[in-house]
Amino acid sequence: MSFSFSPIISEKKTIDKLSLVIEENSGILNEVEHQLRNVIEHSSLAIFLTEPSGGIMDMNKTACEMFGYSPQEFQKLGRGGILLQDKALEESLSIRAETNEVKSELTGIKKNGEHFPCEVHSVIYKNHRGEKRTSTGVLDISEKKRQEQQAANNREAFESLFHNNPDAVYAFDLEGNFTNVNNSSIVMTETEKKELLNSSFIPYIDERDLPEVMDHSRKALSGEVQHYTTRFIGKKGTKRVLDVTNFPIYVNNEITGIYGIAKDITRQVKAEKSMREERNMLKAIIDNIPDYIFVKDLEHRSILVNKKFYKNFLNVNSEKEALGLTPLDYFDEIKAREIIKDNERVLISGESVINYEDVVLNKDGSQETVLLTKVPLTNNEGDITGLVGIARNITSLKKQKLELERLNAELEDRARELSVSNKELEQFAYIASHDLQEPLRMITGFLDRLKTKYEDQLDEKALQYIEIARDGALRMRQLILDLLEFSRAGRWEKKPERIFLNELVDEILKQQQENIQEKRARIIFSDLPVINAEKTPLQQILSNLIGNALKYHSSNSLPEVKIEVKEKEKHWHFQISDNGIGIEEEFHQKIFEIFKRLYNRQQYSGTGLGLAICKKIVENMGGKIWVESKPGVGSRFYFTISKQN
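Residues numbered from 1 in each chain as written. Predicted model: local features only at pLDDT ≥ 70, side-chain atom pairs only at ≥ 80, totals over all residues. Heavy atoms only, no water.

**Concerning the side chain of Q512**
Where we set the bar: Every helix listed is a DSSP run of H or I at least four residues long, and every strand listed is a run of E at least two residues long, numbered separately from the N terminus. By the convention used here, residues are in contact when the closest approach between their heavy atoms is within 4.5 Å.
Within the fold, Q512 resides in the loop between α15 (501–511) and α16 (513–519). Sequence-distant contacts of Q512, defined by excluding residues within four places in its chain, comprise S543, I546, G547 and L550.

**Description of the packing of aromatic side chains**
The criterion, for reference: Aromatic rings from Phe, Tyr and Trp, taking only the six-membered ring of Trp, are treated as a pair when their centres fall within 6.5 Å; an angle between ring planes under 30 degrees marks them as stacked, one over 60 as edge-to-face, and anything in between as tilted. Using a 1.4 Å probe on the protein chains alone, a residue whose accessible area is under 20% of its type maximum counts as buried, one over 50% counts as exposed, and one in between counts as partly exposed.
Summed over all chains, the structure comprises 20 aromatic pairs. Considering the side-chain rings of F172 and F178, the 6.2 Å spacing of their centres and the 90 degrees angle between planes classify their relative orientation as edge-to-face. For the pair F172 and F178, a shared accessibility class is recorded, and that class is buried. Judged by centre distance (4.7 Å) and plane angle (55 degrees), the rings of Y292 and F313 are tilted.

**Overview of the sheet that holds strand β16 (residues 367–378)**
What links the strands of a sheet is backbone hydrogen bonding, and the strands pair in either a parallel or an antiparallel sense. Counted only if it meets this: In this analysis, strands are considered paired if DSSP registers two or more bridges between them. Whenever a helix is involved, its axis is fitted only over the stretch in contact; in every case the axis is a line through C-alpha atoms, and angles between N-to-C directions fall within 0 to 180 degrees.
Ordered by their spatial adjacency, five strands build an open sheet running β14-β13-β17-β16-β15, and the pairing between neighbours is antiparallel. Looking at strand neighbours, the two that pair on one side only are β14 (302–305) and β15 (353–361), the edges of this open sheet. Neighbour to neighbour, the strand axes of the sheet diverge by 25 degrees on average, direction disregarded. With nine bridges connecting them, β16 and strand β17 (residues 384–393) associate as antiparallel partners. The residue bridging L371 from the neighbouring strand is R392, located in β17.

**Details of the pairing of strand β3 (residues 46–50)**
Most of β3 is tucked away, with five of its five residues classed as buried. Residues of β3 alternate between two faces, with A46, F48 and T50 on one and I47 and L49 on the opposite face, all of them buried. Of the pairings in the sheet, the one linking β3 to strand β7 (residues 132–140) comprises five bridges and is antiparallel in character. Looking across to β7, one finds that I47 is bridged to G137.

**Some points on the pattern of salt bridges**
Rules: Any Lys or Arg side-chain nitrogen found within 4 Å of a carboxyl oxygen on Asp or Glu counts as a salt bridge.
Enumeration over the complete set of coordinates arrives at 33 salt bridges. Across the pair R636 and E628 runs a salt bridge, and its minimum N-O distance is 3.2 Å. The class for E628 is partly exposed, based on a relative accessible area of 35%. Overlapping salt bridges bring together E403, R406, E410 and R414 as one network.

**Section: α15**
Let me state the cut-off plainly: The arc in question is formed by the directions pointing from the helix axis toward the C-beta atoms.
Along α15, the residues classified as buried are L501, L504, V505, I508 and L509. The buried residues of α15 occupy an angular sector of 135 degrees when projected down its axis, which confines them to one face.

**Here we look at the confidence of the model for the chain**
For clarity, the cut-off: How sure the predictor is of each residue is captured by pLDDT, a score from 0 to 100.
When pLDDT is averaged across the chain, the result is 83; 85% of the residues are at 70 or more. Across the chain, element-level confidence peaks in strand β10 (residues 226–233) with a mean pLDDT of 95 and bottoms out in strand β1 (residues 2–9) with 48. Note on residues 1–7: pLDDT under 50 across the span, and 32 contacts to partners over four residues away in sequence or across chains. A low-confidence stretch, residues 25–29 stays under pLDDT 50, and its non-local contacts, those more than four residues away or across chains, total six contacts.

**Some remarks on the environment of D264**
Looking at where D264 falls in the secondary structure, it is placed in strand β12 (residues 254–264). In this structure D264 comes out as partly exposed when scored by relative accessible area, which is 36%. For the pair D264 and R231, spaced 33 residues apart in sequence, the C-alpha to C-alpha distance is 10.0 Å. Beyond its immediate sequence surroundings of up to four residues, D264 is in contact with M188, R240, V241 and L242.

**Focus: the nonpolar core**
Stated formally: Only buried residues count toward a nonpolar core. Its members are Ala, Val, Leu, Ile, Met, Phe, Trp, Tyr and Cys residues joined through side-chain atoms within 4.5 Å.
The biggest cluster of nonpolar side chains holds 40 residues, and the ones touching the most others in it are L501, I531, L538, F574, F639 and I641. Residue assignment for this core shows that the elements contributing at least two residues are α15, β20 (530–533), α17 (535–551), β21 (560–567), β22 (571–578), α18 (610–620), β23 (625–630) and β24 (634–642). Top element by residues in this core is α17. It accounts for seven residues. The residues contacting L538, other than those within four sequence positions of it, are I499, L501, L504, I531, F574, F639 and I641. Of all hydrophobic cores here, the second largest spans 21 residues; its members include Y292, Y330, I339 and V353.

The structure is reproduced here in structure tokens:
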């Protein structure tokens, strides 16, 4: 028997298998045959000696272990029992038949039915008798295939992560030219992939950040992982802020370029900027609020205070100096313990303290009365993490309140005195008017008797004197009655009622019917509203104004009086117009004063109190009265009264 070994070289240029060819040679010594058999038995390959037709003649120990058969079982099986009869086997046999040798990957079948991948090297040779024999080596490559599949899976996962990553993932060479980019990189640079590859990253960096970015690139190429932010500008001008991580690419222990991941944090940066601006705005607001504002943590330490708080209580110059201080740092111990106890009540119970009045000492030792509110501060999970407090200095308000209470008490005393005085005055006016009217009645009575009894004995002049005296007494009596009415104006019982103004005007016209018929006057009104008001004073105002319009009529035309009422937002607006003699503008204000008469008694009767009484009543009803008039044209009297529910 003769034999020869052929090495099988792997892709890494190393020997990982041996191909063994055995030929029979009876001249070989038994010792050599024994050594050779020992090598074959301990080979990592399953080695078979077969006939070209597939019959198994001999095999080594590894073959039995690999397939699970005994030598006797192998000899009964043949090739068809240990290799899957598929197209790959068919093609391998065809090649071996043509070339006497084949190397291929086939599927082995173990005794337990398990299939496994194997690498087969089979050679056809002739022995010394010229008989064809086959030497076949089989290597189980299950582990190799598993590793290859794992590597393929890893490559696929990497490719998926690379191309489908929402962040820009890229690689560039030592000169900074892109060698690979994913879809997000294309979107971010606003450049086609073909154009982007082999172009530099430099044109996309904001020139203000370029020196720093170049420095980071140099450090990455020297082996340091770099993490930084930069402003980035796409080809179409879109500006972004990127969070970048760059790390070196190693090939055979040499750095050949840079891998990088760039995350678009533009929104985050804008949000953070907006939050900073909002915080600054909020800080500016609370620093300029006249109240004391403070935020405490669970240990009663200050974590936020406004300027007024730290200036007035803490005696420091900045919020930074105030942070971390507790009440024990700026109040005496008794007051500080009281405040801490009050804070803990809020922190433990979660209940707010609203508008609690307290007295505290300012940094200069002066006392301040404050209105204090404390509310619990919670996190997103609803856990209490501290409290927020606001205190308002009400010292001056407190003093004003005390002063106001004193003034109110004083005012109440004066009101009581005035009420007593008014009652006394009303009683005096009643008594005075009654007592004054009695002698006037006596005077007019005796004058009437004197005229009746001695009229035929008195000359014309004496009778004229009697008339003058009698008229004076009557006018005096009317003046007393008007004064009494003026004193009582505005002191009616205030009980608003529903008034149908059309009906009220009708009542007034019935009272003045004789005067209206005598002067053939025309009174115009229609569709007047229904209002809520005190009836008696309103009736007195309208009666006086209608009576004046009839009294001061022009001799050139018949009297015409028009009554109108309009509803305003907060009051009722009355207008009484006439075509009378009119009033000079200089007297538009004076006619509402007491005893102001524009004409003598011979022309028009009256005491000069009617419009003064109207003014007093209107003002007591929450309104005002005025006139617009031109001599010879007529007058329009206006007055308002407040609406009442």
